[in-house]
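The primary structure of each chain is shown beneath.
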Amino acid sequence: MDISAKFKETAKSVFPVIAIVLVLGLTIVPLEKTLLARFVVGGLLLIFGLTVFLMGVGMGIEPMGERCGSALVAKKNLALLLSCAFVIGFIVTAAEPDIQVFGDQVKEIFPFVNKAAFTFFIAGGVGIFLLLGLLRTILNFPIKIFFFVFYSLLFAMAFFAPQNFWGIAFDSGGATTGPMTVPFIMSLGLGVSAVRSSKQSDSSFGLTGTASVGPVMAVFAYSIFIRAPQNFMQEIAVAQIETLSQAGIFAKIFLPFANIFPVFLRESLYAILPLFVLFVIFQIALLRMTARQTIRILIGFVYAYFGLAIFLTGVNGGFSDAGNELGKILGALASHRGLPWLLLLLATGIVFGAVIVCAEPAVWVLSEQVERVSGGTIKRKALLVFLSAGTALAIAIALLSNAFNFNIKWILVAGYSVSMLLMIFCPPLWTGIAFDSGGVASGPLTSTFILSFTIGAAAANPADSFGVIALVAMMPLSAIQIMGIIYKTKQKTKKEAQ
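Residues numbered from 1 in each chain as written. Predicted model: local features only at pLDDT ≥ 70, side-chain atom pairs only at ≥ 80, totals over all residues. Heavy atoms only, no water.

## Re the overall build of the protein chain
- When helices and strands are counted, the protein chain shows 18 helices and 0 strands.
- For the protein chain, buried positions account for 58% of its 498 residues.
- Within the protein chain, contacts between residues at least 6 apart in sequence are counted, and of these 86% link residues at least 24 apart.
- Only carbon and sulfur atoms are counted for the fraction: they give 68% of the accessible area of the protein chain, which is about 20,100 Å². (Helix = DSSP H or I, 4+ residues; strand = E, 2+ residues; numbered from the N terminus. Buried < 20%, exposed > 50% of the residue type's maximum accessible area, 1.4 Å probe, protein only. Contact = heavy atoms within 4.5 Å. Areas by Shrake-Rupley, 256 points an atom, 1.4 Å probe, with all protein chains shown as cover.)

## Observations regarding empty space enclosed by the protein
- Under the defined criterion, the tally for this structure stands at 5 cavities of 30 Å³ or more.
- Roughly 150 Å³ of internal volume is contained in the largest cavity.
- Taken together, 16 residues line the largest cavity, and the ones lying closest to its centre are Y151, G173, S212, Y416 and A473.
- Within the residue set of the lining of the largest cavity, elements represented by two or more residues are α6 (143-158), α7 (165-176), α9 (207-226), α16 (428-441) and α18 (468-497).
- A per-element tally of the lining of the largest cavity places α9 first, with 4 residues.
- In the lining of the largest cavity, the residues fall into 9 nonpolar, 7 polar and no charged. (1 Å grid on protein atoms, 1.4 Å probe; cavity = no way out; pocket = protein on both sides within 12 Å on 5 of 7 lines; lining within 4 Å. Points joined across faces, edges and corners; volume = space filled by probe spheres on them. Nonpolar A, V, L, I, M, F, W, Y, C, P; charged D, E, K, R; others polar.)

## Overview of the pattern of salt bridges
- This structure, assessed with the given rule, holds 2 salt bridges.
- Here D321 ties to R38 by a salt bridge, and the two come within 2.6 Å at their closest N and O atoms. Taken together, the positions of D321 in helix α11 (residues 291-337) and R38 in helix α2 (residues 33-74) put the pair 283 residues apart, joining distant regions of the chain. (Salt bridge = Lys/Arg side-chain N within 4 Å of Asp/Glu carboxyl O.)

## A look at unusual backbone geometry
- One non-glycine residue with positive phi stands out, namely N140, at about 55°.
- Inspection of the secondary structure puts N140 in the loop between α5 (115-139) and α6.
- Exposure remark for N140: the relative accessible area of 33% places this residue in the partly exposed category.
- With a phi angle near 50°, R288 is a residue other than glycine that sits in the positive phi range.
- Inspection of the secondary structure puts R288 in the loop between α10 (249-287) and α11.

## Focus on a nonpolar patch on the surface
- There is a patch of nonpolar side chains on the surface, built from L269, Y270, L273, F276, V277, V280, I281, I284 and L298 and spanning about 750 Å² of accessible area.
- Of all the elements, α10 adds the most residues to the nonpolar patch, at 8 residues.
- On the secondary structure map, F276 appears in helix α10. (Patch = residues over 30% accessible without salt bridge, like charges linked within 9 Å, V, L, I, M, F, W, Y side chains within 5 Å.)

## Some words on the side chain of S212
- Within the element layout of this structure, S212 appears in helix α9.
- The class of S212 is buried, set by a relative accessible area of 10%.
- There is a polar contact of 2.9 Å between the side chain of S212 and the backbone oxygen of T208.
- Those residues in contact with S212 that lie beyond four places of it in its chain are G173, T177 and G439. (Polar contact = N/O pair within 3.5 Å; in protein donor to acceptor, adjacent residues only side chain to side chain.)

## Re the packing of α11 against helix α12 (residues 339-356)
- Viewed as axis vectors pointing N to C, α11 and α12 meet at an angle of 150°, and their least axial separation amounts to 6 Å. Put simply, α11 runs roughly antiparallel to α12. As α11 packs across α12, the resulting crossing turns out to be left-handed. Of the residues in α12, those in contact with L326, L330, G331, L333, A334 and R337 of α11 are L339, P340, W341, L342, L344, L345, T348 and F352.
- When its residues are assigned to classes, the contact of α11 with α12 shows 11 nonpolar, 2 polar and 1 charged. (Axes fitted to C-alpha atoms, helices over the stretch in contact; angles between N-to-C directions. Parallel < 35°, antiparallel > 145°, perpendicular 65-115°, else oblique. Left-handed = near helix turned anticlockwise from the far one by under 90°.)

## Digging into the confidence of the model for the protein chain
- Mean pLDDT over the protein chain stands at 82; residues scoring 70 or higher make up 88%.
- α6 holds the highest mean pLDDT among the elements of the protein chain, 92, whereas helix α4 (residues 97-109) holds the lowest, 70.
- Considering only residues more than four positions removed or in separate chains, one finds that residues 230-246, a stretch of pLDDT under 50, has 37 contacts. (pLDDT = per-residue confidence, 0-100.)

So this is what it looks like as structure tokens:
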């Protein structure tokens, strides 16, 4: 892997965000200079960490996932395959750092929620739907019918659930698709698909999208089970890094990163350890790779571990704080000074959404896998353009929903209805890619910077900002399927011309 080329591409995705925040923060939306300095340092750490992480994914996690999937299918034991799928989904999700943070946030909003039970419901949902997704791949069951049936069931459950849980339930689908689990799940699906008797590529994608359905249904089931009150008052405590008033300027900038780096070393270890344990078990029981192959995968795990820790340190040490403060100031100006400032808030959110999704670790993995599996016929850059457009629109809708107090429930119903309708006209392969894209778009960078920005913009009522991750996960379903329909039309026109 060319590390310099990977670094340049990563930098191109992040530098526009840094430039926009610096321009706004030094001019019409003045931000504290120390905060801006921490933002720049966080951005540089983010770029370096993402580069190292992607190297590790390419060397270790992707080959492991594909080999595990191929080995399980080669055993020709369906019960073994499905049991392993459930265990993998459950263990990896329960250990995902994003889920632990998400559980704390939900507990803070709804004190009657039991965090352990809530986490196990989500992990069980992922395990069950990972099992169902692999079963669909093995049986070559049409992906469109699969998604239509289960999303119909999901919305049927939703209307029996407390309205307070709508945003949280759909946000949980994004929280489960973390930077460690997504590459493994996608590679596992590709490995299973590669050794099927059918040579069609329709089932190569869709497993991540399938796994994302599980936690949403699980949270709705949990909310119905505990009979949460319909009109429970919501309050969100937005964590802030304390001001180091007594420290020098150097300490104010760099000490927050030093303080949280050990935390994210530990959280990254929790995220990667279940995958490493699974690798050891599969290596002993099934894979039996050569020493050279094993060492390469182990080095990949080390790169992925440190890359993820550096990435998360950069995001949480200053990058997302600047987003929150910028959103807070723009939101206040839009609220008190009217349309021009509201338009500036929307424009800023749209640009952030379009650019930041391209820096998500799992988006990089998905786009590269799509280009590789399609033999280059589906270009990575084209996929990123449509994914960026969908994410930008999601952020705009979220900000408008906050500004005009529009119920996000009806936006989700309308959005998913459009996605189901587009499945009729979209090629099955593109439907799988679209639902995978919805899962990977709502990664740690979007969940921190974008969520911080929208929470800041909705400072008067922060609870309304919940659901933005759900919108980010929803919009690619339509955007990528539209891309698939365009691609199908072009291919048809090209054949007719010949």
